Amino acid sequence: MKLRTCLVHALFIGTILPAPIEGYGGYFLRHARAKGQPIQLGCQGVIQKPGEYIFKSNGRPEGEAPTPVCVTYFIAPPDMIVEIEFLDFTISCATMGHEGILQIFDGMEIAGHTFPGYDHPLPHAQRYRLYCSQRNVPTETFTSNQNVAMINTIVPATGEGYKIRVQFKKHSRPCNVYLSASEGIYTLSNHGMRNNCSAVVSMFGPATAIVDSVNIGATIEGVVHTKEVGVSQKMASKLCLAKKKKNYAEFLYGNTIEPSYMAYSGILCGMKTNNVGLVYDLPCQMSVVRLVSSGEYYNSITFQYGPMEQKKVGEFSSMGITCS
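Residues numbered from 1 in each chain as written. Predicted model: local features only at pLDDT ≥ 70, side-chain atom pairs only at ≥ 80, totals over all residues. Heavy atoms only, no water.

**As for the side chain of Ser 92**
Okay, step 1: Structurally, the position occupied by Ser 92 is in the loop between β5 (80-90) and β6 (94-95).
Okay, step 2: Of note is the side chain of Ser 92, whose polar atom sits 2.6 Å from the side chain of Glu 160.
Okay, step 3: Among all residues touching Ser 92, those that are not within four sequence positions of it are Gly 100, Cys 132, Ser 133, Gln 134 and Glu 160. (Helix = DSSP H or I, 4+ residues; strand = E, 2+ residues; numbered from the N terminus. Polar contact = N/O pair within 3.5 Å; in protein donor to acceptor, adjacent residues only side chain to side chain. Contact = heavy atoms within 4.5 Å.)

Printed below as a string of structure tokens:
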């Protein structure tokens, strides 16, 4: 489908995920749900609760204006995955010469960048599914690999759209996660697997991460350590990157959610089970903690996260920090 390139690479330039509303499972909804009825979605939304949802297009605007691209993000708790079942689907592939399409994506895409990035277990091209009524109707339930997913639509025909049932299912080995709470504590782990895992800790401003415990490059399956191997912030970059097979955590910041485009505040490895107390300031719009694992060790890091203190924000602003 020739719309694919446009949808994948150009939909979200300049857009940012709306900030959550405490205690509410979605927003940009057209109106509240009547009892027993699906919730009606607006053109942009964030869904944080299971349930049934329905989207109906307002159609293409008059004149030469293009049909709006509508976006819905699905965000489950960190230890869950998103399951989406289509109960009804009517999006014409062409209406009066204008193409219609629905795209569902395993992850989230914002401002042309994706999360998870290249650490996702699937190749980028396999994370998308494209649907329209005359070519490919969704018949299989979609299941994400992490706690976020998204749907994008271009629907030029008034009244067309879709109805879905959203469920959150337990993830036995969560790896890549989006932490929707503005502050909290989280343990990022590779579960002994050869994969890299990331946690988005902020998308709405500068943040601070404080390390509580770390066990990276130290514990092998069946081997119980009784002696801690030490954690050094000053020597971390040299020590953690010296080995041929890498095992370390990095603290990243920038104006994108894709780790490969972010700057890093620091790198950490070693083993200390409590009261590490290392502080990493992440001065840009978005912040990520990323755990790199070779598969030889059971790696994990526990950290607190939250908004950066305003005093520190001012200090970083005066330093002229560049956020790419």
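**Concerning the state of the cysteines**
Okay, step 1: A full pass over the atoms with the stated rule returns four disulfides.
Okay, step 2: Linked covalently through their sulfurs, Cys 43 and Cys 70 form a disulfide whose S-S length is 2.1 Å. Residues Cys 43 and Cys 70 share a disulfide whose torsion about the S-S bond is about -95 degrees; that sign makes it left-handed. Residue Cys 43 is found in strand β2 (residues 39-47), and its partner Cys 70 is found in strand β4 (residues 69-75); the two are separated by 27 residues along the sequence.
Okay, step 3: Classification of Cys 43 by relative accessible area gives partly exposed; the value is 28%.
Okay, step 4: By relative accessible area, Cys 70 is classed as buried at 8%.
Okay, step 5: Covalent S-S linkage joins Cys 93 and Cys 132, the inter-sulfur distance amounting to 2.0 Å. Its S-S torsion of approximately 90 degrees makes the covalent link between Cys 93 and Cys 132 right-handed. Linking Cys 93 in the loop between β5 and β6 with Cys 132 in the loop between β11 (128-131) and β12 (142-143), this pair joins segments that are 39 residues apart in sequence. (Disulfide = S-S within 2.5 Å. Buried < 20%, exposed > 50% of the residue type's maximum accessible area, 1.4 Å probe, protein only.)

**Overview of the side chain of Thr 208**
Okay, step 1: The topology assignment puts Thr 208 in strand β18 (residues 207-216).
Okay, step 2: Of the polar contacts made by the side chain of Thr 208, one reaches the side chain of Asp 281; its length is 3.1 Å.

**Quick word on the pattern of salt bridges**
Okay, step 1: Counted by the stated rule, this structure contains eight salt bridges.
Okay, step 2: Put simply, Glu 83 and Lys 169 hold a salt bridge, and the shortest N to O gap is 3.2 Å. One end of the pair, Glu 83, is in strand β5; the other, Lys 169, is in strand β14 (residues 161-170), with 86 residues separating them in the sequence. (Salt bridge = Lys/Arg side-chain N within 4 Å of Asp/Glu carboxyl O.)

**Quick word on the pairing of β4**
Okay, step 1: Among the seven residues in β4, six count as buried, and that is most of the element.
Okay, step 2: Inspection of the sheet shows β2 paired to β4 by four bridges, in the parallel sense. Within β4, the residue paired with Val 46 across the bridge is Tyr 73.
Okay, step 3: Strand direction decides the pairing type here: β4 and strand β13 (residues 148-154), joined by seven bridges, are antiparallel. Looking across to β13, one finds that Val 69 is bridged to Ile 154. (Pairing = 2+ DSSP bridges.)

**Some words on the environment of Tyr 261**
Okay, step 1: Inspection of the secondary structure assignment puts Tyr 261 in the loop between β19 (248-254) and β20 (263-268).
Okay, step 2: A sequence separation of 63 residues divides Tyr 261 from Ser 324, and the C-alpha atoms of the two residues are 7.6 Å apart.
Okay, step 3: Ignoring sequence-local partners within four residues, the contact set of Tyr 261 consists of His 113, Thr 256 and Ser 324.

**Some remarks on unusual backbone geometry**
Okay, step 1: Look at the link from Phe 115 to Pro 116: it is a cis peptide, with omega at -10 degrees.
Okay, step 2: Mapped onto the fold, Pro 116 is located in the loop between β10 (113-115) and β11.
Okay, step 3: A positive phi is found at Ala 111, a non-glycine position, where the angle reads about 55 degrees.
Okay, step 4: Structurally, Ala 111 is set in the loop between β9 (108-110) and β10.

**Examining the sheet that holds β20**
Okay, step 1: Spatially, five strands are ordered β15-β17-β23-β19-β20 in an open sheet, and the strand pairing comes out mixed. With partners counted over all chains shown, the strands left at the sheet margins are β15 (177-178) and β20, one partner each.
Okay, step 2: Of the strand pairs in this sheet, strand β17 (residues 197-202) and strand β23 (residues 286-292) are connected by five bridges, and their pairing is antiparallel. Note that in β23 the partner of Cys 197 across the bridge is Leu 291.

No statement about biological role is implied by the geometric values presented.
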